Amino acid sequence: METPGLVVHGEAEPFSTALRSLVNNRLYSDVRFVVGQERQEVFAHRCLLACRCNFFQRLLDPEPGPGVPIPVVLSTVPAEAFLAVLEFLYTNSVKLHRRSVLEVLTAAVEYGLEELRELCLEFVVKVLDVELVCEALQMAVTFGLGPLQERCIAFIETHSQVQPSHPRAYTPTPTDLILLCPDPFSDPQEVLRTRSFLELSAPALLPLLRSDKLCVDEADLVRAARSWARVGAVEQIVEAWKCHALRRGDAARGSSCRRRRGTLPREHHSFLDLPFK
């Protein structure tokens, strides 16, 4: 009886290095891409792309015609992100950067590269910061990436402390102080002042306005919402605002109204002890 063969493995690093040298290498390439708004030329090898990615298998002809092949135009993906995708397809590894990881994630989702998508998501969570979080939130909403959306909202809730614009002189009670966010004088309007916050879509913004954990006084949040507001978004802001400044404690009839977390105490809040009628 013949003994079954044994699979043995050589060193992975030299193999990976050799394949990485073929990324965007004109040598032996048989397909040419024109990518991004800059229309940068990128060279690749159709057999490798086709066997690694169904998107490219459908996109590329199995046999190129005679003469100089017509380039494949991919104008929506930046060159840096596309090269990262090729690096992953060639070597099954990729070097990610904070400045371009969301673009690589977008390409991974569009090309159906689930492993690359998961690698990008893990990296985004590790490098998430005030400047990046709203961009990541918008992408999560756009592509239905629920776990990433939850992480982004939690990050914003934690980093949304603003320097309060104090109303008229008012001495908070001990209960009031408990309801206030810790350290209300921390970095003012960190997330709410970023450009990416102003570019959020309504579906991405509304969960933030409805959040009971958003540590922002209603006056400051109104100003942020006004900065964001565009034509057609005002009604959605008004509807969401109803859910922010005041909130019922329970769904049961007769339950009392309470301030949301982050809402600074004001004189008229003494009326909130009355039940809804």
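Look a little higher up for the structure.
Since this is a predicted model, take the numbers as computed values, not measurements.

Conventions used here
- Residues numbered from 1 in each chain as written.
- Predicted model: local features only at pLDDT ≥ 70, side-chain atom pairs only at ≥ 80, totals over all residues.
- Heavy atoms only, no water.
- Axes fitted to C-alpha atoms, helices over the stretch in contact; angles between N-to-C directions.
- Helix = DSSP H or I, 4+ residues; strand = E, 2+ residues; numbered from the N terminus.
- Parallel < 35°, antiparallel > 145°, perpendicular 65-115°, else oblique.
- Left-handed = near helix turned anticlockwise from the far one by under 90°.
- Contact = heavy atoms within 4.5 Å.
- Nonpolar A, V, L, I, M, F, W, Y, C, P; charged D, E, K, R; others polar.

**Regarding the packing of helix H7 (residues 133-143) against helix H8 (residues 146-158)**
Two numbers describe how H7 lies on H8: the axes approach to 8 Å, and their chain directions differ by 150°. Looking at the two axes, H7 sits roughly antiparallel to H8. Here the hand of the crossing between H7 and H8 comes out left-handed. Of the residues in H8, those touching H7 at Val-133, Cys-134, Ala-136, Leu-137, Ala-140 and Val-141 are Leu-148, Gln-149, Cys-152, Ile-153, Phe-155 and Ile-156.

**Some details on the packing of helix H1 (residues 12-20) against helix H4 (residues 79-91)**
As a packed pair, H1 and H4 sit with axes 9 Å apart at the nearest point and diverge in direction by 140°. Considering the angle they form, H1 stands oblique to H4. Of the two possible hands of crossing, H1 and H4 adopt the one that is right-handed. The segment H1 lies against H4, with Ser-16, Leu-19 and Arg-20 engaging Glu-87, Tyr-90 and Thr-91. Residues belonging to the contact of H1 with H4 are distributed by class as follows: two nonpolar, two polar and two charged.

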